[in-house]
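# Geometric and topological summary
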Amino acid sequence: MSDRIAQTVVAMVLEPVLEPHLHPDSYGYRPGKSAIQALGVARQRCWRYDWVLDLDSKGFCDHMDHALLLRALRTHTACPWGLLSVARWLQAPVQGQAGTLVQRGQGVPQGGCISPVLANLFLHYAFDAGMQRAQPTIPFERSADDLIAHCQSEAQARWLHARLAIRLAQCQLELHPTKTHIVYCKDADRRGTASQERFDFLGYTFRPRRSKNRQGQYFMNFTPAVSARATTAMRQTIRSWRLHLRRDKTLDDLSRMCNPILRGWVQYYGQYYKSALSPTFLVLDRLLVKWAMRKYTKLKGHQRRATHWLGQIARRQPRLFVHWQMGVRPAAGREEPDEPRGSRPDLRGRGGAIPPRYSTRLRLPVQA
């Protein structure tokens with residue numbers, strides 16, 4: 001804990017000194033900048049430029065050269081205790097699971113409070129400053145070590161790829177051979193073909209998608225939406241909650257537990273093409289249906305009835321869950337006049353009796 005406090009103090013001292021020198025198209029771990037801003041700028045530039053060079057460095061955090069990093073740091077500050085602390089953190093050994101200590105000759109500790117500041121400084125000289133000096137007409141976006149550059153033609157993208165490989169090699173870095181791609185931004189106006197027509201950036205996938213213009217007409221647009229990798233991680237998180245086993249909880253309890261996480265997903269991944277989140281949230285609705293079938297005896301073994309019951313609650317209380325506010329709700333059956341307005345239905349519990357004025361099959365008033 002004391003080490004993290006010390007790193008935070010050094011980061012607070014170095015950040016105001018380094019911030020004015022960083023490139024405006026660097027968005028990661030900087031005050032006043034965010035990944036959403038980087039995505040918005042990238043989307044607009046993909047509409048103006050036909051090709052994208054998607055760059056991925058191989059083991060960036062593990063191959064950052066200490067001598068080059070300290071040299072860049074001394075260029076901006078002469079604080080003796082700050083430089084000494086950074087040098088000690090870089091040279092500190094790493095302890096493995098077996099308790100053995102491994103000496104580090106390069107790289108920065110991942111998860112450290114000072115690591116984002118040092119990574120931004122290193123990449124500023126390794127990539128940003130070189131692009132601004134040698135290729136000022138080629139725009140780019142960078143968030144930490146996620147890099148994309150926009151080119152007018154495929155030949156320009158290949159030329160830039162070769163130049164950047166040489167530049168990063170001078171800084172003891174290497175481009176990943178399989179994760180670096182040249183992507184064609186295909187849409188309704190650019191109808192050519194290429195081997196790569198999509199790329200991932202900051203949890204979003206940029207690819208041709210069906211969109212609607214201001215006149216209500218559909219067209220093919222090159223735009224971002226939540227990536228398949230992000231949706232897989234969200235579904236795994238939802239399943240790890242094991243909602244269908246929480247029979248001791250009410251629907252209000254489940255909403256209070258899930259909504260903070262769901263709200264964070266919607267606020268980030270719902271900025272562009274929000275409808276791509278619907279299949280992920282349908283997984284949560286299916287788990288809620290299973291929860292209802294396990295909790296209430298009257299719904300046991302009746303998936304359709306449980307789905308309609310949950311849909312009726314979603315229709316009456318659309319703000320109970322965050323994804324219900326988006327319109328992603330279960331199918332609602334016929335409204336039953338005897339159904340209470342709360343989240344707990346008037347159903348038979350385990351070992352309880354069925355109300356005499358209802359039939360056991362359809363839950364409709366029994367005719368005299």
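All values reported here derive from a predicted model rather than from experimental measurement.

## Quick notes on the overall build of the chain
Helices and strands together make up the secondary structure of the chain, namely 11 helices and 9 strands. Taking 2.2 N^0.38 as the reference for a compact globule, 368 residues should give roughly 21 Å; the C-alpha atoms of the chain span a radius of gyration of 27 Å, well beyond that estimate. Expressed as lengths along the three principal axes of its C-alpha atoms, the size of the chain is roughly 90 × 55 × 35 Å. A total of 368 residues make up the chain; the buried ones form 45% of that total. A fraction of 64% describes how many contacts in the chain between residues 6 or more apart in sequence connect residues 24 or more apart. Of the roughly 19,900 Å² of accessible surface on the chain, a fraction of 51% belongs to carbon and sulfur atoms. Treating the 56 positive side-chain charges of the chain as one cloud and the 28 negative ones as another, the clouds have centres 8 Å apart.

## Thoughts on unusual backbone geometry
With a phi angle near 60°, Ala-144 is a residue other than glycine that sits in the positive phi range. The phi dihedral of Tyr-273 is positive, around 55°, even though this residue is not glycine.

## Structural notes on the packing of helix α8 (residues 251-269) against helix α9 (residues 278-295)
Running from amino to carboxyl end, α8 crosses α9 at an angle of 170°, the nearest separation of the two axes being 13 Å. On the basis of the axis angle, α8 is roughly antiparallel to α9. Taken together, the residues of α9 that come into contact with α8 (itself represented by Leu-251, Leu-254, Leu-262, Trp-265 and Val-266) are Phe-281, Leu-284, Leu-288 and Trp-291. Its residues placed into classes, the contact of α8 with α9 shows 9 nonpolar, no polar and no charged.

## What to know about the confidence of the model for the chain
Overall, the prediction assigns the chain a mean pLDDT of 87, with 90% of residues at 70 or greater. Here strand β2 (residues 94-95) stands out as the element of the chain with the lowest mean pLDDT, 78, in contrast to helix α7 (residues 228-240), whose mean of 96 is the highest. pLDDT under 50 marks residues 336-368. Its contacts with residues more than four places away, or in other chains, come to 58 contacts.

## Description of the pairing of strand β5 (residues 146-151)
Of all 6 residues that make up β5, 5 are buried, and the element is covered over most of its length. Pairing of strand β1 (residues 51-56) with β5 involves 6 bridges; the strand directions are antiparallel. The residue bridging Val-52 from the neighbouring strand is His-150, located in β5. When strand β4 (residues 140-143) meets β5, the two strands line up antiparallel, connected through 4 bridges. Each residue of the ladder has a partner; that of Glu-141, found in β5, is Ile-148. In textbook terms, the turn of a hairpin is the stretch between consecutive antiparallel strands, and for β4 and β5 this stretch comprises 2 residues, one of which, Ala-144, has a positive phi near 60°.

Cut-offs used in this document
- Residues numbered from 1 in each chain as written.
- Predicted model: local features only at pLDDT ≥ 70, side-chain atom pairs only at ≥ 80, totals over all residues.
- Heavy atoms only, no water.
- Helix = DSSP H or I, 4+ residues; strand = E, 2+ residues; numbered from the N terminus.
- Rg over C-alpha atoms; globule rule 2.2 N^0.38 Å.
- Buried < 20%, exposed > 50% of the residue type's maximum accessible area, 1.4 Å probe, protein only.
- Contact = heavy atoms within 4.5 Å.
- Areas by Shrake-Rupley, 256 points an atom, 1.4 Å probe, with all protein chains shown as cover.
- Lys, Arg positive; Asp, Glu negative; His and termini not counted.
- Charge placed at Lys NZ, Arg CZ, Asp CG, Glu CD.
- Axes fitted to C-alpha atoms, helices over the stretch in contact; angles between N-to-C directions.
- Parallel < 35°, antiparallel > 145°, perpendicular 65-115°, else oblique.
- Nonpolar A, V, L, I, M, F, W, Y, C, P; charged D, E, K, R; others polar.
- pLDDT = per-residue confidence, 0-100.
- Pairing = 2+ DSSP bridges.

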